[in-house]
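# Per-entry structural report
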Amino acid sequence: MSDKESKNSNPKSAAEQQEKLGLSRRGFLGASAITGAAVAATALGGTVMTRESWAAAVSESKTKIHVGPGELDDYYGFWSGGHQGEVRVVGVPSMRELMRIPVFNVDSATGWGLTNESKHIMGESAKFQNGDCHHPHISMTDGKYDGKYLFINDKANSRVARIRLDIMKCDKMITVPNVQAIHGLRLQKVPYTKYVFANAEFVIPHPNDGSTFDLQDKNSYTMFNAIDAETMEMAFQVIVDGNLDNTDADYTGKYAAATCYNSEKAYDIGGMMRNERDWVVVFNIQRIEAAIKAGKFTTLGDSKTPVVDGREGSLLTRYIPVPKNPHGCNTSSDGKYFIANGKLSPTVSMIEIAKLDDLFDDKLKDPRDTIAAEPELGLGPLHTTFDGRGNAYTTLFIDSQVVKWNMAEAVRAYKGEKVNYIKQKLDVHYNPGHIHASLCETSEADGKWLIALSKFSKDRFLPTGPLHPENDQLIDISGDEMKLVHDGPTFAEPHDCTMARRDQIKTRKIWDRNDPFFAPTVERAKKDGINLEADNKVIREGNKVRVYMTSMAPAFGLTEFNVNQGDEVTVTITNIDQIEDVSHGFVMVNHGASMEISPQQTSSITFIADKPGLHWYYCSWFCHALHMEMVGRMMVKPA
Ligand code: K7E
Ligand code: CUA
Ligand code: CA
């Protein structure tokens with residue numbers, strides 16, 4: 001369904017590339033893209049900016065995105081790192097990358113995936129070195145960000161992780177049992193984020209022991225999952241018909257909804273497109289909680305998680321048919337609608353949340369009676385966001401556009417009134433997926449900035465070989481017209497991002513010595529009789545050697561230690577520097593060991609001293625004029 005072939009080219013020389021970046025591309029923008037937009041917009045009765053008004057708008061908006069040297073951004077942006085597995089912190093509107101938070105990946109700078117602390121957090125799943133994150137979301141209280149946590153899914157290994165925003169580190173991770181591919185993830189908004197809702201995308205047989213591979217079997221299904229946001233343990237699972245794609249929760253705390261594109265339970269593309277309509281499944285959270293409380297649940301395999309059956313006929317769910325292979329599921333920031341984005345249909349379906357009580361009480365017989373409108377927007381609608389002023393913004397993947405439309409007018413048009421609910425179509429570059437307006441998934445949507453996460457960058461940047469970056473574009477939506485103001489190249493498909501006002505995120509300057517992040521290591525040291533802030537000691541237990549030392553710029557507490565070949569060595573370092581920003585690192589050369597130790601942090605890493613001789617270790621974060629001299633030696637006696 002991509003039109004990338006037609007717009008793409010294959011530059012062979014620098015000169016050709018120059019030309020491409022210059023006149024020829026302008027020609028392309030001026031002619032084909034805008035003509036395309038005009039055709040689509042005319043058909044739908046929308047407006048298109050001329051090249052002149054576009055240029056004027058851009059120069060006006062540019063002053064707004066300029067964040068000068070030393071100045072701070074207004075928003076924290078949290079970007080998923082896609083199949084790269086991390087979360088990135090980006091300042092908006094400057095689009096400067098502030099930090100990376102390793103989550104489902106291995107990171108050699110911080111030692112995430114290498115240190116004992118990170119492995120403890122990752123648990124069993126530390127054996128996986130890959131992840132695929134899509135949906136970062138910040139915890140809420142009363143429908144507003146509380147700045148406590150950020151949650152993110154891992155589609156590749158069916159996990160959900162939590163990031164503590166005070167330290168910007170992952171502190172919990174769970175593998176969701178008995179499902180495959182956690183994709184859609186959203187949080188309960190009201191009264192607070194008690195649950196993390198996570199969709200398992202793929203239908204599998206239960207038990208998945210090879211006794212059947214038939215997806216049509218009644219024991220082949222997938223599940224909607226709720227995780228307790230505080231303990232990060234499973235709360236419940238709901239068996240559904242079809243599959244599950246994206247999800248969102250409402251502003252009453254009663255309902256969550258999810259899109260299904262494979263109602264056919266097919267295993268190939270043709271099969272998954274067979275039905276003209278798939279559906280949105282709505283979950284009644286209170287009824288599910290009541291059923292579990294009443295003991296009306298089962299469990300699967302070794303898992304203790306309560307499982308309830310939410311398939312057709314259940315009191316716990318309702319299935320609302322919508323056209324065709326819907327993708328994004330977005331609750332409007334006014335709390336009125338769940339919006340399902342049609343993908344293979346040029347429409348989005350607006351489900352009126354106020355009618356769901358009647359649907360669950362069987363006062364509405366036809367689930368389609370909950371549809372408030374089904375506006376036609378353009379080709380390939382994937383995700384929708386909101387400005388808090390009654391407008392919605394939807395990505396059109398195939399048209400490579402963002403369409404701004406008015407929700408109330410779409411409802412009036414659906415009732416037969418002649419109103420043009422399409423306000424503007426803006427070209428983006430190219431083929432956008434997610435879209436996110438500042439604070440749009442809270443009740444405080446402020447209509448200032450919009451990010452369109454475009455899947456293809458094509459000719460927008462200097463060429464980087466066959467693999468191109470994606471292009472996350474910043475759009476000013478504070479005025480009547482959307483204005484594209486910045487291209488932001490990103491690596492490995494972020495899919496989605498989220499933004500919070502900078503006052504909503506409060507971070508620590510240095511670590512608290514009592515932080516639970518490294519508490520297991522502190523416990524271990526206590527058993528060894530070690531005072532981490534003062535002692536520099538080697539403890540031997542058979543062939544297990546624990547080396548404890550401090551670090552203070554520019555020296556490690558131990559500049560040498562002795563072990564025997566074959567020993568399992570655990571180096572634990574406590575950074576006793578009190579000064580903000582003076583992080584140290586520890587790298588044992590030729591041993592694959594590397595980690596961060598920030599002020600007042602304790603970090604530890606375990607490796608095998610498998611080679612006899614002298615082995616240097618050094619500090620890897622530049623911490624002092626004598627940083628290069630911050631070294632030590634491990635002496636390994638041959639076996
Ligand atoms: Cu890529 Cu939200 Cu995983 Cu849509 S999802 S684009
Ligand atoms: Cu310590 Cu560099
Ligand atoms: Ca389908």
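Parameters at a glance
- Along each chain, numbering runs from 1 in the same order as the chain's sequence is written.
- Ligands are numbered from 1 and chains lettered from A, in the order in which they are written.
- Totals for whole chains, interfaces and linings use every residue, but because this is a predicted model, local features are given only for residues with pLDDT of at least 70 and side-chain atom pairs only at 80 or more, for both listing and counting.
- To obtain the side-chain values, all non-hydrogen atoms of the structure were included, while hydrogens and water were left out.
- UniProt positions are given in the numbering used here, feature names are shortened, and annotations may be inferred rather than shown by experiment.
- With water excluded from the atoms, a metal site may look incomplete; its donors are any N, O or S atoms within 2.8 Å, or within 3.2 Å for Na, K and Ca.
- Here a strand is any run of E in DSSP of at least two residues, a helix any run of H or I of at least four, and the numbering for each starts at the N terminus.
- Burial here depends on accessible area, computed with a 1.4 Å probe over protein chains only, as a share of the maximum for the residue type. Under 20% is buried, over 50% is exposed, and the range in between is partly exposed.
- A strand pair is defined by DSSP finding two or more bridges across the two strands.
- The axes used here are C-alpha line fits, helices contributing only the stretch in contact, and every angle between their N-to-C directions lies in the interval 0 to 180 degrees.
- We define a polar contact as two N or O atoms separated by no more than 3.5 Å, with the added condition that, inside protein, one atom must be a possible hydrogen donor and the other a possible acceptor, whereas residues neighbouring each other in sequence contribute only through side-chain atom pairs.

Under an unreviewed UniProt entry, the name given to the chain is Nitrous-oxide reductase, and the organism recorded is Pseudomonas peli. Under the UniProt heading Subunit (unreviewed entry), the entry covering the chain gives this text: "Homodimer."

This paragraph deals with the coordination of the calcium ion (ligand 3). Within the protein, the calcium ion (ligand 3) binds to Tyr261 (O), Glu264 (OE), Glu264 (OE), Met272 (O), Asp278 (OD), Asp278 (OD) and Asn325 (OD1); these donor distances fall in the range 2.2 to 2.7 Å. Along the chain, the residues donating to the calcium ion (ligand 3) fall in the pattern Y-x2-E-x7-M-x5-D-x46-N. Linking Tyr261 in the loop between β14 (255-260) and α6 (269-272) with Met272 in helix α6, this pair joins segments that are 11 residues apart in sequence. Looking at Tyr261, the relative accessible area reads 11%, which means it is buried.

Pairing is antiparallel in the open sheet, where four strands are placed in the order β26-β27-β28-β29. The open sheet terminates on both sides in strands that have one partner only, identified here as β26 (432-437) and β29 (483-490). Strand-to-strand twist of the sheet, defined as the mean angle between neighbouring strand axes without regard to direction, takes the value 20°. Of the pairings in the sheet, the one linking strand β27 (residues 449-454) to strand β28 (residues 470-476) comprises six bridges and is antiparallel in character. Paired with Leu453 across the strands is Asp472, a residue of β28.

The sites that carry the UniProt feature "binding site: Cu cation Z2" (unreviewed entry) are, in the present numbering, His134 and His183. Across 50 residues of sequence, these annotated residues stay compact in space, with a maximum C-alpha separation of 7.1 Å. Inspection of the secondary structure puts His134 in the loop between α5 (116-122) and β4 (137-141). At a separation of 3.2 Å, a polar atom in the side chain of His134 contacts the side chain of Asp132. Note on placement: His183 falls in strand β8 (residues 180-187).

Below, the discussion takes up the UniProt feature "domain: Cytochrome oxidase subunit II copper A binding" (unreviewed entry) in the chain. UniProt's feature table lists "domain: Cytochrome oxidase subunit II copper A binding" (unreviewed entry) at residues 540-639, given in the numbering used throughout. With 0% helix and 56% strand, the stretch residues 540-639 has end C-alpha atoms that lie 16 Å from each other.

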